[in-house]
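The lines below spell out each chain.
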Amino acid sequence: MEGKNISTHPEIPGEKSQTGTALVETATAAIQGFGPINKIHQHLCAFHFYGHDMTRQVEAHHFCAHQNEEMRQCLIYDSPNKDARLIGLEYIVSENLFMTLPDDEKRMWHSHEYEVKSGVLFMPGVPGPIQRQDLDKVAKTYGKVIHFWQVDKGDDLPLGIPQVMMALTRDGQLYNNLKQDVETRYNVCFDSERENRKSMTGPMHGIHPMANAGGKGIKTVLRETDCKPVGSVPRVFV
């Protein structure tokens with residue numbers, strides 16, 4: 001699939017960080033703990049597209065931490081560099097947990113089987129045999145992704161409404177220029193890795209028909225509604 005993908009890194013507006021700010025950050029880093037961040041142990045690279053527009057495809061770098069064996073949560077950046085922008089979040093759950101979700105909720109989750117088996121989801125810098133041990137598990141999971149920053153449009157700040165994103169599910173969807181750019185920068189070959197992952201399997205019960213938006217588009221929209229005033233909420237403390 002040929003197409004254009006804008007992968008820009010504009011200068012973030014605002015005054016540049018001052019020396020005083022850097023000193024404060026150094027001091028607080030030495031004193032405070034960063035437990036949730038320190039749990040991050042894994043870097044996955046993949047591609048997302050907007051749930052309502054497959055032509056808008058984004059390179060997504062996931063930095064993930066396990067909550068337990070059946071759930072992990074990931075911060076998503078537009079690159080792995082120090083100045084990368086935090087553009088979204090992804091929650092990844094086992095097939096078992098996915099099956100407990102209401103059907104309307106299932107539509108917002110995507111399958112990972114194709115991403116893994118096609119080779120397009122990978123761990124930069126990690127030898128193939130090592131990453132395959134975990135990716136064999138990921139192939140059986142489902143993910144829910146929200147992006148806040150429309151970097152494909154070149155926005156220099158996170159504008160607009162957060163959007164549900166989806167993942168690739170078959171050949172021919174990913175833009176060739178995006179594929180070739182990532183393969184070159186990370187010295188990987190998706191087609192070769194596909195061969196190495198042929199024996200992997202997806203969810204035990206197959207991909208649920210309600211996953212991947214049920215095969216249709218899905219878009220987050222904003223609408224006005226009445227806001228319940230504080231006075232109508234029962235008081236807990238007198």
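Residues numbered from 1 in each chain as written. Predicted model: local features only at pLDDT ≥ 70, side-chain atom pairs only at ≥ 80, totals over all residues. Heavy atoms only, no water.

A closer look at the overall build of the chain
Inference 1: Secondary structure summary: the chain contains eight helices and seven strands in total.
Inference 2: In the chain, buried positions account for 39% of the 238 residues.
Inference 3: For the chain, long-range pairs separated by at least 24 residues make up 68% of all intrachain contacts whose partners lie at least 6 apart in sequence.
Inference 4: Of the roughly 14,100 Å² that the chain leaves accessible, carbon and sulfur atoms contribute 56%. (Helix = DSSP H or I, 4+ residues; strand = E, 2+ residues; numbered from the N terminus. Buried < 20%, exposed > 50% of the residue type's maximum accessible area, 1.4 Å probe, protein only. Contact = heavy atoms within 4.5 Å. Areas by Shrake-Rupley, 256 points an atom, 1.4 Å probe, with all protein chains shown as cover.)

Here we look at the pattern of salt bridges
Inference 1: The tally for this structure, following the rule as stated, stands at 13 salt bridges.
Inference 2: Across the salt bridge formed by Asp181 and Arg185, the nearest N and O atoms sit 2.9 Å from each other. Taken together, the residues Asp181 and Arg185, both in helix 7 (residues 176-186) and four residues apart, mark about one turn of the helix.
Inference 3: Judged by relative accessible area, Asp181 falls into the partly exposed class, the value being 33%.
Inference 4: For Glu195, the salt bridge identified is with Lys198, shortest N-O distance 3.7 Å.
Inference 5: One network of salt bridges, with partners in common, ties together Glu59, Asp181 and Arg185. (Salt bridge = Lys/Arg side-chain N within 4 Å of Asp/Glu carboxyl O.)

Regarding unusual backbone geometry
Inference 1: Of note, Asn187 is a non-glycine position whose phi angle comes to about 55°, a positive value.
Inference 2: On the secondary structure map, Asn187 appears in the loop between helix 7 and helix 8 (190-196).
Inference 3: A positive phi angle is found at Asn212, which is not glycine, with a value near 55°.
Inference 4: If you trace the backbone, Asn212 turns up in the segment after helix 8.

Focus: the nonpolar core
Inference 1: In this structure, Phe47, Val120, Met166, Leu168, Leu174, Val182 and Phe190 are the most contacted members of the largest nonpolar core, which totals 16 residues.
Inference 2: Where this core is concerned, the elements lending two or more residues are strand 1 (42-50), strand 7 (163-167) and helix 7.
Inference 3: Of the residues forming this core, the biggest block, three residues, is contributed by strand 1.
Inference 4: Counting twelve residues, the second largest nonpolar core, distinct from the first, contains Leu44, Cys74, Val116 and Leu135. (Core = buried A, V, L, I, M, F, W, Y, C linked by side-chain atoms within 4.5 Å.)

Side note on helix 6 (residues 128-138)
Inference 1: The complete set of buried residues in helix 6 reads Gly128, Gln131, Asp134, Leu135 and Val138. For helix 6, the angular spread of buried residues about the axis comes to 140°, placing them on one side. In helix 6, the exposed positions that point more than 90 degrees away from the buried face belong to Pro129, Ile130 and Gln133.
Inference 2: If you follow the buried residues of helix 6, they end up packed against strand 1, strand 2 (53-68), strand 3 (71-77) and helix 5 (113-117). (Arc of directions from axis to C-beta.)

Focus on the pairing of strand 6 (residues 142-147)
Inference 1: Most of strand 6 sits out of view: five of its six residues are buried.
Inference 2: The sheet contact formed by strand 4 (residues 86-93) and strand 6 spans six bridges and is antiparallel. When the bridges of strand 6 are listed, Ile92 appears paired with Gly143.
Inference 3: Where strand 5 (residues 110-111) lies against strand 6, two bridges are found, and the strand directions are antiparallel. Pairing of Ser111 across the sheet is with Tyr142, part of strand 6.
Inference 4: Here strand 6 pairs with strand 7 via three bridges, running antiparallel. Residue pairing in the sheet places Ile146 in a bridge with Val164 of strand 7. (Pairing = 2+ DSSP bridges.)

Quick word on helix 7
Residues spaced three or four apart along an α-helix face the same direction, because each turn holds 3.6 residues.
Inference 1: For helix 7, the set of buried residues is Leu178, Lys179, Val182 and Glu183. Seen end-on, helix 7 carries its buried residues on one side only, within an arc spanning 130°.
Inference 2: Among the structural elements, strand 1, strand 2 and helix 8 are those in contact with the buried residues of helix 7.
Inference 3: After helix 7 finishes, the residue Asn187 shows a positive phi value of roughly 55°.

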